[in-house]
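Residue-level listing of the chains:
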Amino acid sequence: MVKILVYPSNSLILSDLVTRFGHEPLTLMRVIRQKIKEVGIDSPPINVTPEDPKKGLKYAAVDVPSGVRGRMALLDPLIEEAEAAIIVHEADYSFGCMGCARTNELVKYIIRNKDIPRLELTYPTCDDEAREFVRKIRDFCESLTRKAEVLA
Amino acid sequence: MTRRIRIAHLSCGSEYSGIQKEIQNAVEAVNAEIVYPEVDTDAIKDAVREWGLEVASPDLQLMIARAKSIVEGGFPVDAVFITTCFRCAEGAITRSELRRYIHERANLPVISYSFTERTTAETLLTRMEALVTTALRRTLLAREKQTGLTAGIDSGSTTTKAVIMRDNEIIGVGWVDTTEVLKSAELAYTTALTMAGVDKSEIQALGTTGYGRLLVGETMKAELVQEELTVNSKGAVYLAEKQKGPATVIDIGGMDNKAISVIDGIPGSFTMGGICAGASGRFLDMTARRLGVDISELGPLASQGDHTRLTMNSYCIVFGTQSLVNALSLGATKEDVASAACYSVAEQVFDQQLQELEIVEPVIMVGGTSLISGLVEAMQDLLGATVIVPRYSQYIGAVGSALLASGFVE
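Residues numbered from 1 in each chain as written. Chains lettered and ligands numbered in written order. Predicted model: local features only at pLDDT ≥ 70, side-chain atom pairs only at ≥ 80, totals over all residues. Heavy atoms only, no water.

## Points about the overall build of chain A
So, step 1. When helices and strands are tallied, chain A shows six helices and four strands.
So, step 2. Along its sequence from the N terminus, chain A presents helices and strands in the succession β-α-β-α-α-α-β-α-β-α.
So, step 3. With the C-alpha coordinates aligned to their principal axes, the bounding extent of chain A is approximately 40 × 40 × 30 Å.
So, step 4. The buried share of chain A, taken over its 152 residues, is 49%.
So, step 5. Considering only intrachain contacts with a sequence separation of at least 6, the fraction spanning at least 24 residues in chain A is 61%.
So, step 6. Counting every atom, chain A has about 7700 Å² of accessible surface; 53% of that belongs to carbon and sulfur.
So, step 7. Charged side chains of chain A number 22 positive and 23 negative; the gap between the two group centres comes to 2 Å. (Helix = DSSP H or I, 4+ residues; strand = E, 2+ residues; numbered from the N terminus. Buried < 20%, exposed > 50% of the residue type's maximum accessible area, 1.4 Å probe, protein only. Contact = heavy atoms within 4.5 Å. Areas by Shrake-Rupley, 256 points an atom, 1.4 Å probe, with all protein chains shown as cover. Lys, Arg positive; Asp, Glu negative; His and termini not counted. Charge placed at Lys NZ, Arg CZ, Asp CG, Glu CD.)

## Quick notes on the overall build of chain B
So, step 1. Per the secondary structure count, chain B includes 15 helices and 14 strands.
So, step 2. A globule of 410 residues ought to have a C-alpha radius of gyration of about 22 Å, and chain B, at 22 Å, matches this closely.
So, step 3. Expressed as lengths along the three principal axes of its C-alpha atoms, the size of chain B is roughly 65 × 60 × 35 Å.
So, step 4. In chain B, which comprises 410 residues, the share counted as buried stands at 59%.
So, step 5. For chain B, the proportion of contacts with a sequence separation of at least 24, taken over those separated by at least 6, is 71%.
So, step 6. In the form shown here, chain B has an accessible surface area of approximately 16500 Å², with 50% of it arising from carbon and sulfur atoms.
So, step 7. For chain B, the distance from the average position of its 35 positive side-chain charges to the average position of its 50 negative side-chain charges is 2 Å. (Rg over C-alpha atoms; globule rule 2.2 N^0.38 Å.)

## Some thoughts on the domain arrangement of chain B
Residue and element names in this part refer to chain B.
So, step 1. When cut into domains, chain B gives domain 1 (5-136), domain 2 (144-229 + 396-408) and domain 3 (242-389).
So, step 2. Inter-centroid distance (C-alpha atoms) of domain 1 to domain 2 is 34 Å.
So, step 3. The interface of domain 1 with domain 2 comprises four residues on the first partner and six residues on the second.
So, step 4. Buried surface at the junction of domain 1 and domain 2, summed over both partners, amounts to about 480 Å²; 55% is from carbon and sulfur atoms.
So, step 5. A salt bridge links arginine 213 to glutamate 129; the nearest nitrogen and oxygen atoms lie 2.6 Å apart.
So, step 6. Of the residues assigned to the side of domain 1 that touches domain 2, the class counts are one nonpolar, two polar and one charged. (Domains from an automatic or database assignment. Buried area = accessible area lost by both parts, 1.4 Å probe. Salt bridge = Lys/Arg side-chain N within 4 Å of Asp/Glu carboxyl O. Nonpolar A, V, L, I, M, F, W, Y, C, P; charged D, E, K, R; others polar.)

## Things to note about the environment of B:Glu28
So, step 1. Among the secondary structure elements, B:Glu28 is positioned in helix H1 (residues 20-29).
So, step 2. B:Glu28 sits in the partly exposed class, given a relative accessible area of 44%.

## Topic: the pattern of salt bridges
So, step 1. In total, this model carries 34 salt bridges over all chains according to the counting rule given.
So, step 2. Among the salt bridges present, the one from B:Asp154 reaches B:Lys161, with a minimum N-O distance of 3.8 Å. Residue B:Asp154 shares its accessibility class with B:Lys161, and that shared class is buried.
So, step 3. When salt bridges with common partners are traced through the structure, they connect A:Glu132, A:Arg135, A:Arg138, A:Asp139 and A:Glu142 into a single cluster.

## What about the interface of chain A and chain B?
So, step 1. Contacts between the two partners involve 27 residues from chain A and, on the opposite side, 24 residues from chain B.
So, step 2. In total, chain A and chain B occlude about 2100 Å² of area from one another, counting both sides; carbon and sulfur atoms represent 56% of this.
So, step 3. With its nearest N and O atoms 2.9 Å apart, the salt bridge here joins B:Lys21 to A:Asp42.
So, step 4. Remark: the boundary between chain A and chain B carries eleven residue pairs in polar contact (both at pLDDT 80 or more).
So, step 5. Sort the elements by how many residues they give to the side of chain A that touches chain B and helix H4 (residues 66-81) of chain A lands first, with six residues.
So, step 6. Class assignment of the residues belonging to the side of chain A that touches chain B gives a composition of 15 nonpolar, six polar and six charged. (Polar contact = N/O pair within 3.5 Å; in protein donor to acceptor, adjacent residues only side chain to side chain.)

## Overview of the sheet that holds strand S5 (residues 149-155) of chain B
Strands pair in a sheet through their backbones, by hydrogen bonds, and they do so in one of two ways: parallel or antiparallel.
All names here are of chain B.
So, step 1. Pairing is mixed across the open sheet formed by five strands, whose spatial order is S7-S6-S5-S8-S9. The open sheet is flanked by strand S7 (169-177) and strand S9 (224-225), the only strands paired with a single partner.
So, step 2. Both S5 and strand S6 (residues 159-166) contribute to a ladder of seven bridges, which runs antiparallel. Bridging across to S6, isoleucine 153 finds its partner in alanine 162. (Pairing = 2+ DSSP bridges.)

## Comments concerning helix H7 (residues 181-196) of chain B
Residues and elements named next belong to chain B.
So, step 1. Along its 16 residues, H7 runs 23 Å from first to last C-alpha, staying within 8% of the 22 Å computed at 1.5 Å per residue.
So, step 2. Along H7, the residues classified as buried are Ser184, Ala185, Ala188, Tyr189, Ala192, Leu193 and Ala196. An end-on view of H7 places all buried positions within 165° of arc, on one side of the element. Every exposed residue of H7 that faces more than 90 degrees away from the buried side is listed here: Lys183 and Thr194.
So, step 3. The secondary structure elements touched by the buried residues of H7 are S5, S6, S7, strand S8 (205-209) and helix H8 (213-219).
So, step 4. Remark: glycine 197 follows H7 within two positions and exhibits a positive phi of approximately 70°. (Expected span 1.5 Å × (residues − 1). Arc of directions from axis to C-beta.)

## Some points on the packing of aromatic side chains
So, step 1. Enumeration over the complete set of coordinates arrives at five aromatic pairs over all chains.
So, step 2. Relative to A:Phe133, the ring of A:Phe95 lies with its centre 6.1 Å away and its plane at 75°, an arrangement referred to as edge-to-face. Of this pair, A:Phe95 sits in the loop between strand S3 (84-89) and helix H5 (101-112) while A:Phe133 sits in helix H6 (residues 127-151), placing them 38 residues apart in sequence.
So, step 3. Consider the rings of B:Trp175 and B:Tyr395, whose centres lie 5.9 Å apart with planes at 85°: the pair is edge-to-face. Of this pair, B:Trp175 sits in strand S7 while B:Tyr395 sits in the loop between strand S14 (387-388) and helix H15 (396-405), placing them 220 residues apart in sequence.
So, step 4. A relative accessible area of 36% means that B:Trp175 is categorised as partly exposed.
So, step 5. One aromatic cluster in this structure is built from A:Phe95, A:Tyr123 and A:Phe133.
So, step 6. B:Lys161 extends its terminal NZ or CZ atom over the ring of B:Trp175, reaching a point 5.6 Å from the ring centre. (Phe/Tyr/Trp six-rings, centres within 6.5 Å; stacked < 30°, edge-to-face > 60°. Lys NZ or Arg CZ within 6 Å of the ring centre and 35° of its normal.)

## Points about the environment of B:Cys12
So, step 1. Note that B:Cys12 resides in the loop between strand S1 (5-11) and H1.
So, step 2. Taking C-alpha positions, B:Cys12 is 5.4 Å from B:Leu60, a pair spaced 48 residues apart along the chain.
So, step 3. Those residues in contact with B:Cys12 that sit more than four places away from it in its chain are A:Arg71, B:Asp59, B:Leu60, B:Met63, B:Thr83, B:Thr84, B:Cys85 and B:Phe115.

## Focus on the packing of helix H9 (residues 228-239) of chain B against H15(B)
Packed helix pairs are characterised by how far apart their axes lie and by the angle those axes make with each other.
All names here are of chain B.
So, step 1. Remark: H9 packs on H15, axes separated minimally by 7 Å, with the N-to-C direction vectors making an angle of 90°. As far as their axial angle goes, H15 and H9 are roughly perpendicular. Packed against H9, whose contacting residues are Val231, Asn232, Lys234, Gly235, Ala236, Tyr238 and Leu239, the element H15 presents Ile396, Gly397, Val399, Gly400, Ser401, Leu403 and Leu404 at the interface.
So, step 2. Its residues assigned to classes, the contact of H9 with H15 comprises eight nonpolar, five polar and one charged. (Axes fitted to C-alpha atoms, helices over the stretch in contact; angles between N-to-C directions. Parallel < 35°, antiparallel > 145°, perpendicular 65-115°, else oblique.)

Next comes the structure, spelled out in structure tokens:
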């Protein structure tokens, strides 16, 4: 089983596909679940505190907007853990969305510079494209399974 | 019981900066509630296309769709608060255009703010108070004449001012440096009462404003405790006798600056800021001291100088002071340095704040710095408009408070 970072990282569909094809999806929901369960922090709605954008300084300088750095702080554990990545471009809002174009640019850049297997796809706009979209994800996941078996 | 007003929050994701709770606290402190206009995700793209600004960030696109929903009456609210990240270009463009759009099309009070992770509830409170007052107290703000015997105290960051008014006339004033908030307020008030020849017990209503308004208002049992944006707007158009129609009020304060678009004495939109003390009255105070003149002499001195003979960028008070010292060491005259300092402050207010407002004449300058003629001239030069400085302009907050407090006399 390979840990796959999905992007948009709050995409339930991507997360579900990765799980179905036998791998562990790294998603934002997991990080936020941990955050809101954290005892002693009261910073609704997602328990991001002013300390998080400071943690985001690991990826971006202080003159980068705090919203970008706050998002980067949330994504940091996922980027760190990722053994592979699936990035979907121009996704529909309902598919998953990080909200900020600058964060999108930075995350994709960081993933591309990480030495891990990567699949980049454009969001499908019709049934045929959707089938092709799922097939590519399945093929990518199966290639990761084979690689993992060889290494084992 | 006063009804809770509904403030629509349009934001590109302040929750990711860790400041959502601060916004919530500021809103609750003024007895309001934050609401989020609901929009269908399918409608977002259409809304953005129709509105015409091609922004890349989905959260900014959502802001646009929400704004359209408000303007088209799909989601009733009393006021709108627009926030985007500080230092984000597309956020700043969207914020500024949305503010203009909502203000023009929905006739709702709107304020905008660019946040960082350091934004606190205290920073937002004055803005929220103004937003709520504008939405809720339109009748009180419509008051054009002061009646009875009332007093106003403006507890500012640098100075404390007090005014006594009787039947629409100012009969006593007091002005002291702010040291201990309550003692300074007491002293300014006593001075004004003595000048007016009335006893404190005769005062029918008291209004307080400025940074120390809550403490002074509570201790002195004021009838009206009001933030300075609303009060200064009212005081400015009252003193300048421009109560009807649009006006622009500029107040360069000791700690921050306010630029307010006013319609019939009610603030429509405003900016409140001051990135650094270099863009405030504090820098001019320092300049006067460095030049060895009293602050009251700085204006006339600047009027005799030529700011173009030297470069001074007081974007930061430290660098501003550095260029001031450098200029003097290179043989610049006091007049030119005074002129450059005034121009530098005016230019920063012009660049950073006035660009966000529609400047409509009459332009009224108020507050202590409006007495510095060199600063007023620099502002006139930059705006290309005549700037009015009414009599008693330095007492603007106290006058506005006394005027509005008279609404509690009947």
